[in-house]
Protein chains: 2
Amino acid sequence: MDLPRDEAQHLFRVLRLKIGAAVRIFNGRGAEFDAAVATASKDGARVRVGDGCPAVTEARVAVTLAQAVLKGDKMDDVVRDAVMMGVAAIQPLVTARTEIALAALERGHRRERWQRIAVSSSKQCGRAVVPAVLEPCTFADAIAALRHQASEATSGSARPGLLCVEPTASADVIAMGDLEVEAPPATTIVVGPEGGWATEEIAAASQACRLVTLGPRTLRADSMALVALTALFTRWREL
Amino acid sequence: MDLPRDEAQHLFRVLRLKIGAAVRIFNGRGAEFDAAVATASKDGARVRVGDGCPAVTEARVAVTLAQAVLKGDKMDDVVRDAVMMGVAAIQPLVTARTEIALAALERGHRRERWQRIAVSSSKQCGRAVVPAVLEPCTFADAIAALRHQASEATSGSARPGLLCVEPTASADVIAMGDLEVEAPPATTIVVGPEGGWATEEIAAASQACRLVTLGPRTLRADSMALVALTALFTRWREL
């Protein structure tokens, strides 16, 4: 089979693989195969696909990271870390205190950039599944989607999301260590921007999300997703 | 009381605080006080110390992060994140695959730089305790110190450390989620460099450390400390 154009370029120009070289290829949806380079030139590359081989196991719980877009290129690292920790999907959010508009994200082709990062991170960490980076949306739309999801579910939690907040944000805040030990089939963890949440956002989210805290110390905005995902996966025995 | 020179400069030049401005000061060993600016000029600053006030609670388990020195300035972020997660101390390590020598770290005054980062991170995250950044040492010395510590202890684990390894490193690897639920009074978590551990290092460490894994996916070296600390603190209900 022919490799996609950018992978062919990478194989020929960067890795400089010759005919016969052993490679592993994956389809981004969980299947991985041994393969050998059949042709490789500046015009493209073709591989002979061999046997299927075991990829890194995916987490049993499908976690979507809904992350408020951070300043500069900090989202790049968040996407990279989230893929390596094993998220199922990433939903970039524009919130009350996000400093970039949806239109600007679109003009800058940011989603496409983050999706490319997700592909390369999957390769690096040995996952055969590439998490989808979804089209950026507003916080309100994300909460509406979670509420809809809750109303569709015949059983399960009325609040399928988890919103990361400071311990003092509300009387209803629970610690990560107080989450149920049994993982749900799926959840969405919602992480805010540098400036945190507006009070109205916390109120609006409470209809679809439980409020969770990552402890008493203030974390950097660009570390929060990794800490939150690690805490969830530890609690649910995925680590 | 007079503020230390660099804090005085920060107060006068960066924060531009005037006489009477309310500040909080802390002694780096757990005590925090309300205070008011008494004098502030380019030559120094003096504050009137008021009542003690509650600082962020410290973790009940004293975790030392023993981290192999990473390339470039990646250690800066590791120190920052570790302080914010609540470590008690940081021990920089030179291991078989660390790409910088002890002498070069000393020449570059790297320990002093990391200690300054620890001070500013403590301020940012609301801790009144500044974790010590210890003098860099070799991996062998760190393991010897852990063995000594174990031999001194009248009770408790014969292996006081936890070495982060890949799941396939040994038959004795345990998952973070399989650690005891009860936190020990203290532990040392040992994290390797970009190139990982040499086989001999894993063998040598096993006398003083249990081998723990952070899951099947490959993490970036500069994320490992944060993931390991989060997993420990989640397991031990500090988050």
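In this text, all values refer to a predicted model and were calculated from it rather than measured experimentally.

Conventions and cut-offs
Residues numbered from 1 in each chain as written. Chains lettered and ligands numbered in written order. Predicted model: local features only at pLDDT ≥ 70, side-chain atom pairs only at ≥ 80, totals over all residues. Heavy atoms only, no water. Pairing = 2+ DSSP bridges. Helix = DSSP H or I, 4+ residues; strand = E, 2+ residues; numbered from the N terminus. Axes fitted to C-alpha atoms, helices over the stretch in contact; angles between N-to-C directions. Buried < 20%, exposed > 50% of the residue type's maximum accessible area, 1.4 Å probe, protein only. Contact = heavy atoms within 4.5 Å.

**Student:** What exactly am I supposed to notice about the sheet that holds strand β3 (residues 44–52) of chain A here?
**Tutor:** Hydrogen bonds between backbone groups are what pair the strands of a sheet, and the pairing can be parallel or antiparallel. Residues and elements named next belong to chain A. Sheet architecture is open: three strands sit in the order β1-β2-β3, paired in antiparallel fashion. Each end of this open sheet is capped by a strand with a single partner; those strands are β1 (22–26) and β3. Geometrically, the sheet is characterised by an average inter-axis angle of 45° between neighbouring strands, direction not taken into account. Bridging between β1 and strand β2 (residues 32–41) involves five bridges; their strand directions are antiparallel. When the sheet's bridge partners are listed, Val23 is paired in β2 with Ala35.

**Student:** What's the story with the environment of Ala101 of chain B in this structure? I'm lost.
**Tutor:** Residue and element names in this part refer to chain B. Looking at where Ala101 falls in the secondary structure, it is placed in the loop between β5 (89–94) and α3 (102–107). Its relative accessible area of 43% is what places Ala101 among the partly exposed residues. For the pair Ala101 and Val69, spaced 32 residues apart in the sequence, the C-alpha separation amounts to 9.5 Å.

**Student:** Please explain the sheet that holds strand β2 (residues 32–41) of chain B as it appears in this structure.
**Tutor:** Residue and element names in this part refer to chain B. If you walk across this open sheet you meet the three strands as β1-β2-β3, and the pairing is antiparallel. The sheet is open, and its two edges are formed by β1 (22–26) and β3 (44–52), each paired on a single side. Strand-to-strand twist across the sheet, computed as the mean angle between neighbouring axes with direction ignored, equals 45°. Here helix α1 (residues 5–14) sits on the sheet in contact with β2 and β3, set at roughly 70° to β2.

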